[in-house]
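# Structural features, examined
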Amino acid sequence: MALGSPQHEHPFGHLIDTLQSEQYAERRYFNPQKLSDVRYEKLPFCMRVLLESTIRKCDGFYIKTEDVSSILDWQKQQNQAEVAFSPARVLLQDFTGIPAMVDLAAMRDALAKQGVDPNLVNPRCPTDLIVDHSLQIDYSKCAIQSPPSPVDESHGATVRSPAGRPSPRGSSSGSHCAGQRPGHRGGCSKASCSDPPSGRSTAVQIENTPLLCPFHLQPVSEPETMIRNQEMELIRNKERLQFFKWCSKAFKNINVVPPDINTVHQLNLEYLCQVVQEGEGFIYPDSVVGTDSHTTMINGLGILGWGVGGIESEAVMLGQPVSLTLPQVVGCKLVGTISPLATSIDIVLGITKHLRQAGIGGKFVEFFGPGVQQLSAPDRTTIANMCPEYNATVSFFPVDDITLQHFKHTICSEEKLVVLEDYLKAIKLFRSYSDQSEEPQYSEVIEMNLSSIVPHVSGPKRPQDRVAVTCMKEDFINCLNEKVGFKGFHISKEKQATRVPFLHEGAEYNLAHGSVVIAAVISCTNNCNPSVMLAAGLLAKKAIEAGLVVKPYIRTSLVPGSGTVTHYLNTSGVLPYLGKLGFEVVGYGCATCVGNTAPLPESVVDAIKQGDLVACGVLSGNRHLEGRLCDCVRANYLASPPLVVAYAIAGTVSINLETEPLGVNSEGKDVYLRDIWPSKEEVNHTEENIVIASMFKELRSRMEKGSTFWNSLESAESPLFPWDPKSTYIRCPSFFSKLSKEACTPQSIEGAYPLLFLGDKVTTDHISPAGSIARVSAAAKYLQSKRLTPREFNSYGARRGNDAVMTRGTFASIKLQNRLMGKAGPKTLHIPSGQTLDVFEAAERYQKDGVPLIILAGKEYGSGSSRDWAAKGPYLLGVRAVIAESFEKIHRNHLVGMGIAPLQFLPGQNADSLELCGKERFTINIPQELIPRQQLIVQTSTGKSFSVTALFESDMDVAFFRHGGILKYVARSLLP
């Protein structure tokens, strides 16, 4: 029903309030505070978001007044009561989005045949579909400075594309350069063997410079690389992209973001999130469920959201709420002061480790306490993103002043920012850490002292050997003393003080054990957070201003992970200072980590060998095995980017950075690390006001313009999708075949054979198609009948829009343990004939004979990652029910959503205790007046009889089952 509709009085209409100000037009909203219930202000903030949604969406069917009462009584109802939650929006990536949109397109066809206007079929919940999972790296560059001539090795000729551009011959998917040789790591960047000429500008225009693969000497410039990958993406995925383009024009309430704009989780953070939504004449808190694994990042901005499976997201799109057992909410109280030397990475990993040890699996986490204000918005989203690492469902940071400051540079106009703040304060969703009376009640509270987070480095030989920076000097000396092993070098006491003088560029220097000879700042993997790269740049700036330098013999380099990193370092003004210390941009790709470091000066190598010195390399990458950087550099440490710069200035790792100076300035004054280390406030200010503002401006521009090939892509203009019968990627599924106007009363399942007889812990990996398509599978036979070669099969994931492929791949796992068979594999017994067949072929034969099917299983059926085809596939195979000892909850929901009955053996019973062999015929008596959790009688052809519990948890579940699943339920709701 429409909110506030006079024909249907809203059960909580008395809570409607008005937000008024001279700065904006008035807005209406549901105000939970008008309940005058003291329990509201004791709820955790994430529970308040749930409550507001439940009040606003209460309709008496999907969401009931009892749900509101349960949430208010959360302290007593947690882990017990089941409530319904309607998020504000749905977030899809294209792999999971395509089957959902194919289903809607098929629903339009089915309703059009019944004389219904197909334009009535649209997502009921606002949906964003981001096409970001289609890109494959067919072309990439391998960079060197001062490259040789572009000549093809095998033929001695320059390789050119038809347009005259250098062409990466023979490039294939997954290879980073043409004709990849054994031992050549794709995507490598080699530094030049000679130092950059003095006086070179730090504004290195790497992005537009043709680069050569050092192994094949074939140039690939960055713009061309991008264009070629985009071209390949368009060719490979043309059918899918044309379908998405049609969806963007045909459906209302859906926003399709084309390829090459940004990743789904970044768009969610930077563009799609609204914090406060407006719709149906009301404002309300933003919330989201998404099929992307990074959906939880959004909780760092005070927006409640988590990941769901394909069928769950499809159900929400169609107007069904998410079923949720009221969770325990753990309050994580942050106290203490963060160490000045701790970077964002240290903080995030420290908090993640603490929460992992706390044992909070399956719970919500909400952060509070004075320490929260020390975390920037990017810090919070990164912590929220780490939920899978500590097994939490959600890590929620309520909106506060820091969040508002972040929104000023991202999503908000001035007017919206005022509305947002006034509204959140009006319903007590704005967090003030100065007011102790605002403290909610939590299921439990765990406290973490941020002072305990200290910066670490890893080494000298393995990344798992962490060393606190404050203990670095002591630990290095211990490494010299220890026997040769994972950490030790076994240098005798009398040789530990060895110093070797040498000449470099006419000046004399000394090397000792612990001397740094390689220092590489790399922004990849664990150091992609802008704050740590900015910290390195700001430290370099302060070092230059303090008169510090890096000794010229140290091999320094700066390898940004992408052009974006160079952009924000340049925008913030720190790139020239890094360059002055020797950290110049040398290219983009894997360099120092994989041993692609230019040779050290001969005088340095000679000095190391002469003194048998343990020389050191320091880098901010993720690999540093002994001798990997250079065979004469035995000790290698992973460190944050600013610490790499600091150790380069110090020239040694054998230093206590707290008590010993980094160096001496031109005036002879000692300069300590604390003198030049940028404060967290400085880094956050630069990140928020310069970097983030610039990045968001660029993103909005790209969103408005779109990509050239997407804009020029042709697609149908009709309300019905023109299915191509020759397509092997997009196919109209048979979910709506023989759609009747009225749902049938529940029918008993008579004389069903078990398609499969399974054991415990059958996962969605066993059930749902995933990965490559085996050449001898039922899906392969189908594709070969369409004249495709095995090289053209692609994967099940790429063909999720084709039910013929996906159904044939259901239960196609080679690890499937079917008790009807003697060994693992995707086979089953066709019981009437005694033949061993592919699962699909057996199901097809049963369907031709009009025989219904069931599945027998053990404990935890459907565990593992959530997959829509783990329920869709069995439905299309003709499975009517699954009888198991227990079900994974999400998969149970999926089965109900597809009209398959999840039936549970009574406690203490299973197939073995009932002496079932799996070859019987089963009749399941289903009454016409089916109710939730009703016990049903199962009779077998051998004369046995036993009871099972029908795991329909609500009237809504029963309604979906009666209609044959949610898709048919929604379709019938649109019939006249």
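Residues numbered from 1 in each chain as written. Predicted model: local features only at pLDDT ≥ 70, side-chain atom pairs only at ≥ 80, totals over all residues. Heavy atoms only, no water.

This part takes up the confidence of the model for the protein. Low pLDDT marks regions whose predicted coordinates should not be analysed in detail. Chain-level statistics for the protein give a pLDDT mean of 83 and a share of 83% at 70 or above. Contacts for the low-pLDDT stretch residues 140–223, under 50 throughout, to residues beyond four places or in other chains number 167 contacts. Here residues 591–596 scores under 50 on pLDDT; set against residues more than four positions off or in separate chains, the count is 26 contacts. (pLDDT = per-residue confidence, 0-100. Contact = heavy atoms within 4.5 Å.)

The periodicity of an α-helix, 3.6 residues per turn, causes residues three or four positions apart to be oriented the same way. For helix α9 (residues 344–358), built from 15 residues, the straight-helix expectation of 21 Å at 1.5 Å per residue is met to within 8% by its first-to-last C-alpha distance of 21 Å. Residues of α9 that are buried: S344, I345, D346, I347, V348, G350, I351, T352 and L355. Positive backbone phi, approximately 65°, marks G359, located one or two places after α9. (Helix = DSSP H or I, 4+ residues; strand = E, 2+ residues; numbered from the N terminus. Expected span 1.5 Å × (residues − 1). Buried < 20%, exposed > 50% of the residue type's maximum accessible area, 1.4 Å probe, protein only.)

Right, let's get into the sheet that holds strand β14 (residues 329–335). Each strand in a sheet pairs with another by means of backbone hydrogen bonds, the pair being arranged parallel or else antiparallel. Pairing in this open sheet of 4 strands is parallel, and the strands run β16-β15-β14-β17 from one edge to the other. At either end of the open sheet lies a strand with only one pairing partner, and these are β16 (394–396) and β17 (444–449). Strand-to-strand twist across the sheet, computed as the mean angle between neighbouring axes with direction ignored, equals 25°. One ladder, built from 5 bridges, connects β14 with strand β15 (residues 364–368); its direction is parallel. Across the sheet, the residue bridging to G331 is E366, located in β15. Together, β14, β15 and β16 form the strand contacts of helix α1 (residues 45–56), whose direction differs from that of β15 by roughly 120°. (Pairing = 2+ DSSP bridges. Axes fitted to C-alpha atoms, helices over the stretch in contact; angles between N-to-C directions.)

Within the secondary structure, K781 is located in helix α24 (residues 778–785). Judged by relative accessible area, K781 falls into the partly exposed class, the value being 42%. K781 sits 24 residues away from V805 along the chain, and the two C-alpha atoms are 9.7 Å apart. Ignoring any residue separated from it by four or fewer positions in sequence, one finds K781 in contact with V776, D838 and E841.

Turning next to empty space enclosed by the protein. Where empty space is left can be seen by rolling a probe of water-molecule size over the atoms. For the coordinates displayed, the defined rule picks out 7 cavities of 30 Å³ or more. Roughly 110 Å³ of internal volume is contained in the largest cavity. A342, T343, S344, A535 and V683 are, among the 13 residues lining the largest cavity, the residues nearest its centre. Counting only elements with at least two residues in the lining of the largest cavity, the list comes to α15 (530–545) and α21 (680–705). Counted by class, the lining of the largest cavity contains 7 nonpolar, 5 polar and 1 charged residues. Considering only enclosed or pocket space, the second largest cavity measures out at about 60 Å³ in volume. Every residue along the wall of the second largest cavity is listed here: V49, V275, P285, D286, G302, F396, P398, V399, L424 and L429. Considering only residue class, the lining of the second largest cavity consists of 8 nonpolar, 1 polar and 1 charged. (1 Å grid on protein atoms, 1.4 Å probe; cavity = no way out; pocket = protein on both sides within 12 Å on 5 of 7 lines; lining within 4 Å. Points joined across faces, edges and corners; volume = space filled by probe spheres on them. Nonpolar A, V, L, I, M, F, W, Y, C, P; charged D, E, K, R; others polar.)

Judged by nonpolar contacts, the single largest core of 221 residues is most densely connected at F243, I351 and Y861. Residue contributions to this core peak at 10 residues, all from helix α4 (residues 94–113). In this structure, this core is formed jointly by two domains, domain 2 (749–768 + 812–974) and domain 3 (770–809), each of which donates at least three residues. Here I351 is in contact with L334, F367, L375, I383, M448, L450 and I453, once residues within four sequence places are set aside. (Core = buried A, V, L, I, M, F, W, Y, C linked by side-chain atoms within 4.5 Å. Domains from an automatic or database assignment.)

Attention now moves to the packing of α9 against helix α10 (residues 377–385). Contact pair α9 / α10: the axes reach a minimum separation of 10 Å and the direction vectors enclose 35°. Between α9 and α10 lies a crossing whose hand is right-handed. Residues S344, V348 and I351 of α9 lie in contact with α10, whose contacting residues are D379, T382 and I383. The residue inventory of the contact of α9 with α10, partitioned by class, reads 3 nonpolar, 2 polar and 1 charged. (Left-handed = near helix turned anticlockwise from the far one by under 90°.)

This part takes up the pattern of salt bridges. Here the structure, examined in full by the defined rule, presents 32 salt bridges. Between R89 and D286 there is a salt bridge; the shortest N-O distance is 3.0 Å. With a gap of 197 residues between them, R89 in strand β4 (residues 89–93) and D286 in the loop between β10 (282–285) and β11 (287–290) connect regions that are remote in the sequence. Considered together, R89 and D286 belong to a single accessibility category, that of buried residues. When the shortest N-O distance is used, the salt bridge between K249 and E717 registers 2.9 Å. With K249 in helix α6 (residues 238–250) and E717 in the loop between α22 (708–712) and β28 (749–757), the pair connects residues that are 468 residues apart, well separated along the chain. Residue E717 is classed as exposed on the basis of its relative accessible area of 66%. One network of salt bridges, with partners in common, ties together D103, E314, D868 and K872. (Salt bridge = Lys/Arg side-chain N within 4 Å of Asp/Glu carboxyl O.)

Once that is clear, we can look at the sheet that holds strand β12 (residues 304–307). Here 5 strands make up an open sheet; going across it, the order is β8-β5-β4-β11-β12 and the pairing parallel. The outermost strands of the open sheet, each flanked by one partner alone, are β8 (254–257) and β12. This sheet shows a mean twist of 15° between the axes of neighbouring strands, independent of strand direction. Pairing geometry for β4 and β11, over 3 bridges, is parallel.

So, on to the packing of helix α12 (residues 401–408) against helix α13 (residues 414–426). Put simply, α12 and α13 touch, their axes get as near as 10 Å, and they point 160° apart. Here α12 is positioned roughly antiparallel relative to α13, judged by the angle of their axes. With respect to the hand of their crossing, α12 and α13 are arranged in right-handed fashion. Residue-level inspection shows L404, F407 and K408 of α12 in contact with α13, the latter providing L417, L420 and E421. (Parallel < 35°, antiparallel > 145°, perpendicular 65-115°, else oblique.)

What follows concerns the packing of aromatic side chains. Given two aromatic rings, their pairing is described by the distance between the two centres and the angle made by the two planes. For the structure shown, the criterion picks out 23 aromatic pairs. With a centroid separation of 5.2 Å and 80° between ring planes, the pair formed by F960 and Y969 is classed as edge-to-face. Take F960 and Y969: they sit in the same class, and that class is buried. Here the guanidinium or amino end of R108 rests over the ring plane of F251, the centre of that ring lying 4.3 Å away. A cation over a ring is seen here: K541 above Y577, with NZ or CZ 5.7 Å from the ring centre. (Phe/Tyr/Trp six-rings, centres within 6.5 Å; stacked < 30°, edge-to-face > 60°. Lys NZ or Arg CZ within 6 Å of the ring centre and 35° of its normal.)

Turning our eyes to something else, we now look at unusual backbone geometry. Cis geometry marks the peptide bond from G459 to P460; its omega dihedral reads 10°. Mapped onto the elements of the fold, P460 is located in the loop between β18 (456–458) and β19 (466–468). Located in the positive-phi region is E505, a residue other than glycine, with phi close to 50°. Assignment of secondary structure puts E505 in the loop between β20 (499–504) and β21 (507–512). You can call E505 exposed: its relative accessible area is 64%.

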